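Per-entry structural report
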Amino acid sequence: MGTISVLLVTQVAPYLEQQLNKRYNLFRLWDYPQKSHFFTQHGASIRALVGRSTAGADSELIDALPNLEIISSSSVGVDKIDLVKCKEKGIRVTNTPDVLTDEVADLTIGLILALLRRICECDRYVRSGNWMRGDYKLTTKFSGKTVGIVGLGRIGTAIAKRAEGFNCSICYYSRTQKPESKYKYYPSVVEVASNCDILIVACSLTEETHHIINREVISALGPKGFLINIGRGKHVDEPELVSALLEGRLGGAGLDVFENEPHVPEELLRLENVVLLPHVGSATVETRTVMADLVLGNLEAHFLGKPLLTPLI
């Protein structure tokens, strides 16, 4: 398959890039400052495209690759891919579900503990020598809290199971009630926020879920409530979140994602009641290797005429 041309649209884990380079005629889009020149010279030869959660294929890119057959994304979310366009043109699309569920759920619990128990701030307190001048202030208990989850899919369910280990009560909102779930369902995000201590965003990003966490939801969560976002940055109205934190209308926030990554609002950098992570929900060697193998497996299946491992389209 070394003659098959594959386009890598963003930097990925070294293992995945190395394997793609070994198996295919690999083009890295960032190697071509003049994108139009690349498309003129090589666009017609590209048969596969590999992306991730932060970069996929919009309508313009898809049109520039007339012989594109498959898009394989090293992510669960595919909001960076124009799925409608892919369906119209018969382009197959795959992602990497399930394999990162545990990793993201683990990190979510870590974010909650870091936020409520001020772990990052405590670390800085010791390093700065402040402990010599007195004990650190009291923090907030996690065990026994009510946890609300927006999106009870694979990741949301995994988070709920872990939170149960801390004797937390679970409630949730999703597009439809899950009849098999034992957790309390609320038909709106505002109702979930009104009835929980910690609100976790774990849904897919769609037009309907864009800014699903708005001023009304934040106000319902209140000054003693905490927001955790491990979904997508655009789930949260970021200016409203910043205002609520600055004005004391929200107790705190743990964020792995942001609206305009890698740019983070300056105001958040100065707050003690936030924990900020650089979108690392699935970023361990073990999980990224499994995700890479799934990307490679889907490409191989496609070009060998076998069933795709994790098809979306």
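Described in the following lines is the structure provided in the data block.

Criteria and cut-off values
Residues numbered from 1 in each chain as written. Predicted model: local features only at pLDDT ≥ 70, side-chain atom pairs only at ≥ 80, totals over all residues. Heavy atoms only, no water. Pairing = 2+ DSSP bridges. Helix = DSSP H or I, 4+ residues; strand = E, 2+ residues; numbered from the N terminus. Axes fitted to C-alpha atoms, helices over the stretch in contact; angles between N-to-C directions. Contact = heavy atoms within 4.5 Å. Salt bridge = Lys/Arg side-chain N within 4 Å of Asp/Glu carboxyl O. Buried < 20%, exposed > 50% of the residue type's maximum accessible area, 1.4 Å probe, protein only. Phe/Tyr/Trp six-rings, centres within 6.5 Å; stacked < 30°, edge-to-face > 60°. Lys NZ or Arg CZ within 6 Å of the ring centre and 35° of its normal. Parallel < 35°, antiparallel > 145°, perpendicular 65-115°, else oblique. Left-handed = near helix turned anticlockwise from the far one by under 90°. Nonpolar A, V, L, I, M, F, W, Y, C, P; charged D, E, K, R; others polar. Core = buried A, V, L, I, M, F, W, Y, C linked by side-chain atoms within 4.5 Å. Lys, Arg positive; Asp, Glu negative; His and termini not counted. Polar contact = N/O pair within 3.5 Å; in protein donor to acceptor, adjacent residues only side chain to side chain.

1. Quick word on the sheet that holds strand β5 (residues 92-94)
One open sheet holds the five strands; their spatial order is β2-β1-β3-β4-β5, and the pairing between them is parallel. Each edge of the open sheet is held by one strand with a lone partner, namely β2 (25-28) and β5. Sheet twist, expressed as the mean angle between neighbouring strand axes with direction ignored, is 20°. In this structure, strand β1 (residues 5-8) lies alongside strand β3 (residues 46-52), joined through four bridges in parallel fashion. Bridge pairing in β3 links Val6 to Ala48. In this fold helix α1 (residues 14-23) packs onto β1, β2, β3 and β4 (70-74), with an angle of close to 135° to the strand it touches most, β2. The sheet contacts of helix α12 (residues 285-303) involve β3, β4 and β5, and relative to β4 the element is tilted by about 170°.

2. Quick look at the pattern of salt bridges
Side chains carrying opposite charge are able to pair once their charged atoms draw close together. Following the criterion strictly, the structure yields 15 salt bridges and no others. Of the charged contacts in the structure, one is a salt bridge between Arg215 and Glu240, with a shortest N-O distance of 3.0 Å. Placement of the pair is Arg215 in helix α9 (residues 215-221) and Glu240 in helix α10 (residues 238-246), with a sequence separation of 25 residues. Looking at Arg215, the relative accessible area reads 43%, which means it is partly exposed. Ionic contacts of the salt-bridge type, sharing partners, join the residues Asp63, Lys85 and Lys89 into one network.

3. Details of the packing of aromatic side chains
Within this structure, the stated rule accounts for seven aromatic pairs. The rings of Phe27, Tyr32, Phe38 and Phe39 are connected pair by pair, giving a single aromatic cluster. When the ring centre of Tyr186 is taken as origin, the NZ or CZ atom of Lys184, which lies over that ring, is 5.3 Å away.

4. Some points on the packing of helix α5 (residues 101-116) against helix α7 (residues 154-164)
Two numbers describe how α5 lies on α7: the axes approach to 9 Å, and their chain directions differ by 50°. Relative to α7, α5 is oriented oblique. Two packed elements cross with a definite hand, and for α5 against α7 that hand is right-handed. On α7, the residues that touch Thr101, Asp102, Val104, Ala105, Asp106, Thr108 and Ile109 of α5 are Arg154, Ile155, Ala158, Ile159, Arg162 and Ala163. When its residues are assigned to classes, the contact of α5 with α7 shows seven nonpolar, two polar and four charged.

5. A closer look at the nonpolar core
Counting residues in each nonpolar core, the largest one holds 31 residues, and the members touching the most others are Val147, Ile149, Ile198 and Ile230. When residues of this core are traced back to their parent elements, those giving at least two are α5, β6 (146-150), α7, β7 (169-173), β9 (198-201) and β10 (226-229). Of all the elements, α5 adds the most residues to this core, at eight residues. In terms of nonpolar packing, the next biggest core, distinct from the first, is built from 29 residues, Tyr186, Leu221, Val236 and Leu268 among them.

6. Focus: unusual backbone geometry
In this structure, Pro262 follows Glu261 across a cis peptide bond, with omega equal to 5°. Locating Pro262 in the fold gives a position in the loop between β11 (252-255) and α11 (266-269). One non-glycine residue, His211, lies in positive phi territory at about 55°. Mapped onto the elements, His211 comes out in the loop between β9 and α9. The backbone phi angle of His279 is positive, close to 50°, even though this residue is not glycine. By secondary structure assignment, the location of His279 is in the loop between β12 (274-276) and α12.

7. A word on the side chain of Glu103
Position of Glu103 relative to the elements: it lies in helix α5. Buried and unpaired, Glu103 has Arg162 as its nearest opposite-charge partner, separated by 8.0 Å. At 2.5 Å, the side chain of Glu103 forms a polar contact with the side chain of Thr287. If we ignore the near neighbours within four places in the chain, the residues touching Glu103 are Gly281, Ser282, Thr284 and Thr287.

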